[in-house]
Every structure is written in structure tokens, then in C-alpha cells.
Amino acid sequence: MKKILIVDDEPNILMSLEYTFRKSGYEVFIARDGKEALEILQVEVPHLIILDIMMPNVDGYATIEFIKNEPQLQFCKVIFLSAKNKESDIEKGMGLGADAYMTKPFSVKKLIEQVQSLLQEAD
Amino acid sequence: MSSFGLLLVLLLYLGSLFFVAQWAEKKGNSKWTNNSYVYSLSLAVYCTTWTYYGSIGVAANSGLNYIPIYLGPVLIFPAWILILKKIIRISRVNKISSIADFISLRYGNSRFLGALVTIISIVAILPYIGLQLKAISETFHVVTKSQNSHNVLSDSSTYVAIVLALFASFYGSRYVDATEKRKGIVTAVALESAIKLFFFLILGIYVTFFVFDGFQDIYNQASVIPGFKEKNTVNGLEGGMNWLMYCILSLFAIFLLPRQFHMSVVENNRERHVRTAIWLFPLYLLLFNIFVYPIAWGGNILFDGKGFNSDMYSLLIPQFFNNQTMTLLVFFGGLSAAISMIIVSSITLATMLSNNLLIPYGLLGSLAAESQVENNDRIVRIRRIGIFLMIILAYIYYRYFILGFSLVSVGMISFVIIAQLGPAFFGAIFWKRGSLRGALAGIITGIVVCFYTLMLPFLLSSIHPESRFFKEGIFGIDLLKPFQLFGLDYLEPVPHALFWSLLFNFVAYLFVSVSFKGNYRERNYAEMYVDINRYITNHENAFVWKGTAYVKDIEKVLIRFLGEERTHRAMKIFKLKYNIDKDNTMADARLIKFAENLLTGHIGTASAKILIEGVTKEDKISLPEVLRILEESKENIVINKKLIATSNELKIISEQLKNANQSLMLKDKQKDEFLDTVTHELRTPITAIRAASEILYDDDEIPEELRKQFLKNIISESDRLNRLIDKILDLEKLETGKQKINMLPGNIVQTIRESVEPLNQLLVNKNISLTFIDSENEVHCRYDHERIVQVITNLVSNAIKFCDENQGVIKVEVEEVPDLVRIHIFNNGKNVVEEDIEAIFDKFYQSQNQNIKKPIGSGLGLAISRQIVELHHGEIWARNHQPTGVTFTFTLPK
């Protein structure tokens, strides 16, 4: 069972994502900001991380930097899921090593497709 | 006292003077030598032996007639300060070193006029120097009780003259540049002025209070002497006219005597020193005159009928009482008076002789060919010999011509001759139309009249005392009697001569000036002299010159007199001052004037002009053109000022524009950020709604409980969206001023209670304790009730959100201070990051780290609160407590 970590500070969004991916057959971990995410990443190595950018305490950018510098997490896929939808935001996100960038509001179906395709690539 | 002994003391005295001069020269600019008192005292070079001995003679023989000589300067003093300042400024910018320079430069830098003024000065002053030597010599013989020796070589006064001549020639010609300040001489002269006054006062006190019993006693005894009464009245209108003429004579002298000009103008190094002189110098003259009368009449009483020379009373009285110390003091006082006059006069005469006569009329050619060092040596040598020569000539003059005359008569003749420079001199600074021809005509006419009415009879009387010339005039024409010219018979010879000579002089100057216009150069200098205050800062601009000249040629000339180093330095300063390109090869009018000025100090105005003319080719300019150029330069000065003012205004405006632009750019950036954040904030609930809706739509198997939860989320996110839109609109209304604040008096405590009430349920749910301190008080102030409810709700909601999760504590307190009310809302939650403590009130505040979201909810509450408080003219701020807790405070005016 593939593991997915979802990081977002909006509880309602988090709830929808958690339900969706559980139902799609993934093991889901949730974190409400970067700090919680990092704590989870100490013990778990998910196959994919869905990461918001604007969050309290530790933001998405800092989180991905940590992930990219952690050898254990080098095969871990990262999708940014953010309301920051400017060209420059997307470029920056991809530049930091994300595998995909989706803007909010998003289509749940498309997100699932994106996750699936990324995980297949990894196999 | 023996001749030898006195000579020894005299040498000692000269030696100490030499020492003082040397010391002052070394001190240079120290406050001991460079102050207004030294300057004022040095002006007292005016008081010579004539004052020291001669006044007493006059007072003894003819009563009050000695007074006008001092009254004149005192009367003119208020005007003197104004005129003198002008003269000082003109002389400073033009590097003028003598009265000959001053007058001749104004009249088109005329070489001839300069020479004429020099000759007149020498003719007038040489006898005057002779007079001083005579006084020294006579008093020397009185003190030593020796006789005048007919053999020049065995007469000790000859040696005194030679020593003085050496001293003066050594000290007077130290500088090549005649406009350099001679600190040594000035200090020595000032010291001598102090000495002569001091000793004279001692003598006065001695005679009045020790020889006699005070002023009254002298008056009582003197009033019985025959002729006392006649001598001590003004003698009606005729006597008054005599007085008036004497006053005019002396007030001219204070400006025109070369030594006065030198001391007051050339040696002046601070204009403000004149301010001290204006009271100190008249005071000095007054002090000097207090005891003249008692001494004179004391002498008359003591020596009545003995036929002593009344000029010598001041020595004879102490000697009569065998008071040798007093005699010696008086002698040295008189000696001081004589020496300072001799030295200063001989220096000025020698400067004029070299700069206005010898160099421009002959030596210039040979100077122009030599090197700088040789030139300077030569100029100094000329002056040195000149000074020496002046004193020796004066001595000869005294020995062979004036042995028999009184001190005053020779002095008076000098004054009258010098007064002939008056019309041209005063015309120079006040009247632009005055021309060279007018000045020459005036001076020559005046001298001729003066010669006929004063000098000729004076000389003749020593040869043919019984000549018919006095009684019948020339060729027996009655109207031409020298002492009663044109029938004017009630004036004494000196006032008489002064009256006619000045009248003719003045009329000729006026008439010729009006009839024949001067050339452009005269007119040019006339402008610069009369309007000196306008040109003081950049007088080179006022000089009109057209023609062809090369900078190189001018530099070559300068180097010959100034040396390489000084020339290059001067040129550098000049180019800097006028912002001239250093590679410029052509010289303009400013450089011509600048170069002339540099040379003037060394060789005089006339020679400087000749030298510069030698290397330049000047085009003739017509008089109207000069006036036009001058007018333009005046306009230019005005335009320049305007341009500077305009450019300053532009600078200010562009600075303002820059600031405005910057603040606009900042606002623009803030607006972008605001939009960015607003869209982000709006998208967040929409994202939640969309995700939940999609799940509900696609997923039919969703358990009932979860389905309800998703629907509930959709509702709450929709509400959130709505609140957000409301707040944005609120803020927009407040910011644009569309939201009016309706200030009414109210009880703020009551308002707070009302605001907090709706939140009670939430507080209970979250287990937070809210304390409202003094909630029963009444605190009145003016505010918009609805808006302030909004602020308090925002702040309390905020406090609820951030207070400690387990044991929440909120405290509300109203504090009353004069003029305003403070409302504090405290919560025991975490501190706000210190660097963000002000920024939290910005709309959608974000921390320095752009992507860290603060859990402030909509992020607009604090911004709206601030807007409302500021519209109430209050303030809002947050303050951290240690270790935890934050207080938000806002103020409302009463």
C-alpha cells in the first residue's frame, strides 16, 4: 500500500483529501503545517507528499527543501497544491524540486490522476 | 642730562621698539596683534609732536584755536565709519596700497594722476616729517640744556635722524607686496600711541594738581594775564568762519593724510575693527585734549614775560621744577609721537614713490626683463632707499628751511596741500561722473591757488619778510593780495588759503567733469568704486575689457614678479572661482583684472596696467558700450541669482516628485500584495467547497455521517467567504472615506459590555475566563458606537483565538488619562513576533517570511480596527508581556 502525506492548514480541505485518498486505497498521513509534516517524516517515508505552500510555522518551501536534502526521502514524490497560481510561483515551486504543481481550487479527479501517474512513474 | 646719556636711553628705547615690532611680526595673527584695539590705537598716529607740543603752543598764544584740529575728526566720525568701510572694500578688492593708487585707479588707472598725487604728498609731508625731526631735535636740546649746533655732523639730532631712517627702512620694506599687512609696524605704532597718551596724561595731572591746585586755580591765575579774554573767545562770525575752516581742514586730513590712509585702510585686516575705532579714536583725542589748556596756561602763568617758546612748555614746566623724571617722560612721549609719524609717513611715501613714480616712469622696462628674485630684491631696495631718503631729505629740509617756524604753521601748510586731494578723493567714491580731466584740473587749480596764497608767502617771508607782495599783491593788484584774495579779509592765512584753494579745486573738478566726459575705463572704475558693495564678491566680473590676450603671456608676466609657485596657485584659484576650463588659452576681462590686481601690490596700479597692456591687445570700447556691458553684468548677477533660485526650486520639486513616486510605487506594491492575498484568501474557502462538492457529486457510497459533515463544511466555508467579502468591503469603505464616522458622546464601559456579550457563549465553550475590570464605572468620551463595537469585537475575538488553549485568560480594562481614554485587551497567549508587532495591523499582514501564514483568520480584523481608531484620531498598538501574553490597546479622545 502506497503511503501519501498530505500537508495543508485548512481542516476542511484536509478532510476532503484524506477521505479521497483513503478511498482510493492509499495509506494517508496528515499534517496541518510544515512542522507537523517534518515530525511525521522523521518516522515515515511516504511515496508521495501533497504540500500546501502558505502555512503557519513552517511553510511549503522550507518543507520541500528539507525533503530534498534528506537522503532517505530522495525517491519521495512531491506535489505542490497551492492557491498561489502565478507563473512565477509555479516556476519557483518546480525549481525547488517538486514533481508537479497544482493550483487551488483543484479538481479532485485530476489530483488523483496526477498522483497515480507519478507513482506509476516511480515503479 | 648729558647728551650722551640721553642718546643712550634713546637708543635703548628704539631697541625695545624694534623688539616689539619683531615680536609682533612673528606672532602674526595672534589676538595680541590682530585686534580692534591695536587697530584703533594705530590710528592715533594722527597725533604727532604737533599735538604733543604744538597744541600747547597754540593754546598758549591764541587760546582755543587748537581745538578744531581735533573737533573735525570727532565730528566726522559717525560718517567716517560708513565712508571708511567703502574705502576699505574698494582697496581690498583692487589691492590698493596707497592714496595715490586709490585716486589714480578710480580715474582710469592714470599713471600721471598717480604721479601727481605722489608728488603732492611728498611735497606736503616731507616738511611735516621735518617738523617731527625738528621737534625731536629741539626737545633733545631742551632736555640736555644744550645748544643747537650749526655743524650738522656734530649735532646729535643728525644721528637720531639717521638711526630712525635705518630703523624705518629696515622695517617698512619687508614685503614686496605693498598691500601685505605689516603687523610689526602697526603694533609698534599702537604701543607708541598708548605711551604718548599715557605720558601726556601724567604730565597733565602733574601740572594741574601738583604744580597748581586744580583747574580752577589755573583759571584764576591765568585770567589776570593781559590778553586772556581776547584769546579765549571765538571772536564772532569771523572767528567762527576760521573755526569752521580748521574743522574742514582736519576732517579732510583724517582721510587724506597718507599715513592715515595707510593705517586705516591698507593695514586694516578686519572690517569690524572699524567699529571699535569709531568710539575709541574720538575718546583718545578727547583724553589728549583735556590737559592741553591747563598746561598751556600754566606755562603762561609761570613764564609770563620771559619769552620762552610756548611749544616747549610741556618740557619747560617740569624742568622749571627740576623734575628730571617727568621731563624725561614727556620727552619720550613726544619722541613716540614723532617716531610713529616719521616711520609710517616715510613708508607710505616710499611706497608711492616706487609704485606711482619710479617704477611706472622708468624702472618698469628693466624690471620686466629680470627674474622674479631679482625683481623683488630690486623693488624692496627701491623702497628701502626711498624710506631712508625721505627721512634724510626731511631732515635736510628741517635744517635749512624750517628751523625758525613754529610746529603748527608747517603742519597747517601740509594739511592745506593734502586737502587739495579732497574733491577728487570724495568724488571718486560718491560721484560716477567725476572724470580724470576733472580730477587733474581740480587738483592743479587747487595747488596753484594754495601755492599763491600760502606756500609762496610762507617761503617769501623767510627770505624777504618786508616784501611788498604781502601788502599789495602781485603787480600791485588789490584783489590779488595773497592773504586777502578777492577782498576776503577776515580769515586767517591758513583758513583763507584753504577756502579759496578748495573752492577753486571743487569748482574746477565739477565743471571739467561735467563738460568733458571720461573715457570708458574711468567710467568702468567709477561704477566699481561707487557701487562697490554690489561688486564686492566678484569684482573681476565688473571689469570691462575687450581684446585679444593669451593666458600664457599673462602667466609669464606674473611669474616675473610673483614667482612660479605663487602664480600657478593664483591661477588655479582663479579658474576654480570662475569655473574656467584649465585648458583655456584665451584670457578674458576677468583674468586681465585678476592679473593686474596680483601685480598691483608689487608695483602699483599704473605699472600693473602697463605690464598687462604689454602682452595683450585691447580693442577700443565706446562709453555707451561700457555702460551696456556693465548693465548686462548687473543683469547677469540678477539673472544668476534668479537661475540659482529657480534651480533650487526645481531641485525641491524633483525631490518631492521622487518621494511621491516612491510612495506611489510602494502603494502600488502594497496594492498588488493586497490583491494577491485577497485572491488567495478567497480561493481557500472556494477550494474547500469545490473539493467537498466534487466528492459528494461523484461518490454515491459515501456514509451518511460523512456526507453531512461535507455539507456542513460547504456551508461554513460559504459563510467564511461571505464574511471575507463583507470585511473587504468594510475596509474599502473606511480607506476611501466612504464610511462616515458619527462621533457622539457615550459611556465606553457600557459599549464594551454590549460588545462582549454576544461572545459569552463562545467563551464558555472554550473555557476562557474574561475579566472586565471596573465594569460598573462610567467613562465618557466621543465615538461612533457601531464602529467601536466592531473594533472591540475584533480585538476580543482575536484574543479568544490566541489565548492559551487550556487556561485562557482575557482581561479588558478602561484607563482614563487627561484628554483620552485607553482600552486594554489582554490575552495570555503566545507573544507576537517582535519584528511584526506593528505589521500585524496591515491588511493581510504577512510576516517577513512571506509564506508563513498567520492564523489570524480573515487577516483583516486588525486592519479594519486600525482604520476605525485612526478615524477617531486615536492610536492602536500591541505589546508583548514576558514570558507570555499580549495586550492590544487603543485610545479614544475625550
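Everything discussed here concerns the structure shown above.
The sections below set out a description of the structure shown in this document. The shown structure was predicted, so the numbers you read here are calculated from the model rather than taken from an experiment.

### A word on the overall build of chain B
- The helix and strand tally for chain B stands at 33 helices and 9 strands.
- Taking as baseline every contact in chain B between residues at least 6 positions apart, the subset at least 24 positions apart corresponds to 82%.

### So, the overall build of chain A
- When helices and strands are counted, chain A shows 5 helices and 5 strands.
- When the elements of chain A are put in sequence order from the N terminus, they spell out β-α-β-α-β-α-β-α-β-α.
- Sorting the 123 residues of chain A into buried and exposed places 46% on the buried side.
- Contacts in chain A between residues at least 24 apart in sequence constitute 59% of all its contacts with a sequence separation of at least 6.

### Focus on the sheet that holds strand S2 (residues 27–31) of chain A
Residues and elements named next belong to chain A.
- Taken in spatial order, the 5 strands line up as S2-S1-S3-S4-S5 in an open sheet, and their pairing is parallel. Only two strands of the sheet have a single neighbouring strand rather than two, namely S2 and strand S5 (100–103). With direction set aside, neighbouring strand axes in the sheet form an average angle of 20 degrees.
- In this structure, strand S3 (residues 48–51) lies alongside strand S4 (residues 77–82), joined through 4 bridges in parallel fashion. Looking at the pairing, Ile50 lines up with Ile79 of S4.
- Here helix H1 (residues 11–23) sits on the sheet in contact with strand S1 (3–7), S2 and S3, set at roughly 165 degrees to S2.

### Some words on the interface of chain A and chain B
- Each partner contributes to the interface: chain A provides 23 residues, whereas chain B provides 19 residues.
- Looking at the side of chain A that touches chain B, the elements that each hand over two or more residues are H1 and helix H3 (60–68) of chain A.

### Quick notes on the pairing of S2 of chain A
- Note: S1 of chain A against S2 of chain A, 5 bridges, orientation parallel. When the bridges of S2 of chain A are listed, Lys3 of chain A appears paired with Glu27 of chain A.

### Quick word on helix H29 (residues 704–736) of chain B
All names here are of chain B.
- Taking 1.5 Å per residue, 33 residues should reach 48 Å; H29 reaches 48 Å between its end C-alpha atoms and fits that length.
- Inspection of H29 places Phe710, Asn713, Glu717, Lys727, Leu731 and Leu734 among the buried residues, and these make up the whole buried set.
- Following H29 by one or two positions, Gly737 has its phi on the positive side, about 80 degrees.

### Some remarks on helix H14 (residues 292–302) of chain B
All names here are of chain B.
- Here H14 lies mainly inside the structure; 9 of its 11 residues are buried.
- Burial in H14 covers these residues: Val292, Tyr293, Pro294, Ile295, Ala296, Trp297, Gly298, Gly299 and Asn300.
- Among the structural elements, helix H3 (49–62), helix H8 (183–211), helix H9 (215–222), helix H13 (273–290) and helix H15 (313–320) are those in contact with the buried residues of H14.

### Quick word on the nonpolar core
- Of all hydrophobic cores here, the largest spans 201 residues; its most connected members are Ile103, Leu256, Ile391 and Val416 of chain B.
- In terms of residue count, helix H16 (residues 324–368) of chain B provides more of this core than any other element does, 20 residues in total.
- Setting aside its immediate chain neighbours within four residues, Val416 of chain B contacts Leu249, Cys450, Leu454, Val494, Ala497, Leu498 and Ser501 of chain B.
- Formed by 43 residues, the second largest nonpolar core is a distinct cluster that contains Ala31, Leu48 and Val58 of chain A together with Ala688 of chain B.

### Considering unusual backbone geometry
- The amide bond that connects Lys104 of chain A to the next residue, Pro105 of chain A, takes the cis arrangement and shows omega of -10 degrees.
- Structurally, Pro105 of chain A can be placed in the loop between S5 and helix H5 (108–122).
- Put simply, Gln882 of chain B and Pro883 of chain B share a cis peptide bond, and its omega is -5 degrees.
- Residue position: Pro883 of chain B is located in the loop between strand S8 (876–880) and strand S9 (886–893).
- Phi at Asn109 of chain B is positive, roughly 50 degrees, even though this residue is not glycine.
- A count of 24 C-beta atoms within 10 Å places Asn109 of chain B in the buried class.

### A closer look at the packing of H8 of chain B against H14 of chain B
All names here are of chain B.
- Here H8 crosses H14 at 55 degrees, and the two axes come no closer than 9 Å. Compared by their axis directions, H8 and H14 come out oblique. The handedness of the crossing between H8 and H14 comes out as left-handed. Judged by residue contacts, Leu203, Gly204, Val207, Thr208 and Val211 of H8 engage Pro294, Ile295 and Gly298 from H14.
- Here the residues of the contact of H8 with H14 are counted per class, giving 5 nonpolar, 3 polar and no charged.

### Concerning the sheet that holds strand S7 (residues 820–827) of chain B
Residues and elements named next belong to chain B.
- If you walk across this open sheet you meet the 5 strands as S4-S6-S7-S9-S8, and the pairing is mixed. The outermost strands of the open sheet, each flanked by one partner alone, are strand S4 (768–772) and S8. In this sheet, neighbouring strand axes are inclined to one another by 15 degrees on average, regardless of whether the strands run parallel or antiparallel.
- Summarising the sheet, S7 and S9 pair through 8 bridges and their orientation is antiparallel. Paired with Asn827 across the bridge in S9 is Val886.
- Strands in contact with helix H32 (residues 785–802) are S4, strand S6 (808–817), S7 and S9; relative to S7, the strand with the most contacts, it is inclined by about 25 degrees.

### A few points about the environment of Ser310 of chain B
- Among the structural elements, Ser310 of chain B can be located in the loop between H14 and H15.
- Non-local contacts of Ser310 of chain B, meaning those with residues more than four positions away in its chain, are made with Ile56, Gly57, Ala60, Asn61 and Gly299 of chain B.

### Comments concerning the packing of helix H5 (residues 99–106) of chain B against helix H6 (residues 111–144) of chain B
All names here are of chain B.
- Relative orientation of the contacting elements H5 and H6 amounts to 150 degrees, with a least axis distance of 8 Å. Classified by the angle their axes make, H5 and H6 are roughly antiparallel. Between H5 and H6 lies a crossing whose hand is right-handed. On H6, the residues that touch Ile99, Ala100, Asp101, Ile103 and Ser104 of H5 are Leu113, Gly114, Val117, Thr118 and Ser121.
- Within the contact of H5 with H6, the residues separate by chemical class into 5 nonpolar, 4 polar and 1 charged.

What counts and what doesn't
Residues numbered from 1 in each chain as written. Chains lettered and ligands numbered in written order. Predicted model: local features only at pLDDT ≥ 70, side-chain atom pairs only at ≥ 80, totals over all residues. Helix = DSSP H or I, 4+ residues; strand = E, 2+ residues; numbered from the N terminus. Contact = placed C-beta atoms within 7 Å. Buried ≥ 20, exposed ≤ 12 C-beta atoms within 10 Å, placed from the backbone. Pairing = 2+ DSSP bridges. Axes fitted to C-alpha atoms, helices over the stretch in contact; angles between N-to-C directions. Expected span 1.5 Å × (residues − 1). Core = buried A, V, L, I, M, F, W, Y, C linked by C-beta atoms within 7 Å. Parallel < 35°, antiparallel > 145°, perpendicular 65-115°, else oblique. Left-handed = near helix turned anticlockwise from the far one by under 90°. Nonpolar A, V, L, I, M, F, W, Y, C, P; charged D, E, K, R; others polar.

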